[in-house]
Amino acid sequence: MKTLASLVLAAAAITLSAPASAQFAKPEDAIKYRKSALTIMATHFGRVGAMANGRVPFDAKVAADNAAIAETMSKLPWTAFVPGSDAGDTKAKSEIWSDNAKFKEAAEKMQGEMVKVAAAARTGNIDAIKSAVGATGGTCKACHDAFRKE
Ligand code: ASC
């Protein structure tokens, strides 16, 4: 039992510390993962955005719930930009890998702004939400302009 427990722990430690590339069997799995995460993030961010823009009536609880999901999702896509996943069903530009520090900075900027959307949504202050949504949308666009193909 003790041996089994330590084997399980060792396996978990290896899984968690392995390079990201080892966590996807194939490049297309990584592409599917990051696109899925970004789609879910955009869906929930979009629901908050729709309230910020007045397209749907403001509901503080709905805004806070959706913003929390968007915040969580914003953390996920990045480990899936593994080397070799610039080819295939993806709009990812090769600059993601050749200028990776800049890509990382753009990704972190978005995550930082998304934290503010979730914080604003928890306060229920629509003006704070509007401002945070605008700033976050700007970071989405900046990253797409630099690192996403048409
Ligand atoms: C969104 C969304 C994006 C960004 C971008 C901002 O809601 O899905 O990709 O904002 O449109 O310009």
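A quick note: this is a predicted structure, and the numbers were derived from the prediction, not measured.

Draft legend 1. Region of the structure containing the site of the ligand. The ligand sits among Ala42, Phe45, Gly137, Cys140, Lys141 and His144. Isolated, the ligand exposes 310 Å² of accessible area, and the fraction of that covered by the protein chains is 55%. With four residues, the top contributor of residues to the shell around the ligand is helix H6 (residues 126–147). Split by residue class, the shell around the ligand holds three nonpolar, two polar and one charged.

Draft legend 2. Inspection of the packing of helix H2 (residues 27–52) against helix H5 (residues 100–123) at higher detail. Where H2 contacts H5, the two axes come as close as 12 Å, and the packing angle between them is 45°. Considered as vectors, H2 and H5 are oriented oblique to each other. Relative to H5, the crossing made by H2 is left-handed. When H2 is examined against H5, the residues Met41, Phe45 and Val48 are found in contact with a partner set consisting of Met110, Met114 and Val117. Residue composition of the contact of H2 with H5, by class: six nonpolar, no polar and no charged.

Procedures and definitions
Residues numbered from 1 in each chain as written. Predicted model: local features only at pLDDT ≥ 70, side-chain atom pairs only at ≥ 80, totals over all residues. Heavy atoms only, no water. Near = heavy atom within 4 Å. Areas by Shrake-Rupley, 256 points an atom, 1.4 Å probe, with all protein chains shown as cover. Helix = DSSP H or I, 4+ residues; strand = E, 2+ residues; numbered from the N terminus. Nonpolar A, V, L, I, M, F, W, Y, C, P; charged D, E, K, R; others polar. Axes fitted to C-alpha atoms, helices over the stretch in contact; angles between N-to-C directions. Parallel < 35°, antiparallel > 145°, perpendicular 65-115°, else oblique. Left-handed = near helix turned anticlockwise from the far one by under 90°. Contact = heavy atoms within 4.5 Å.

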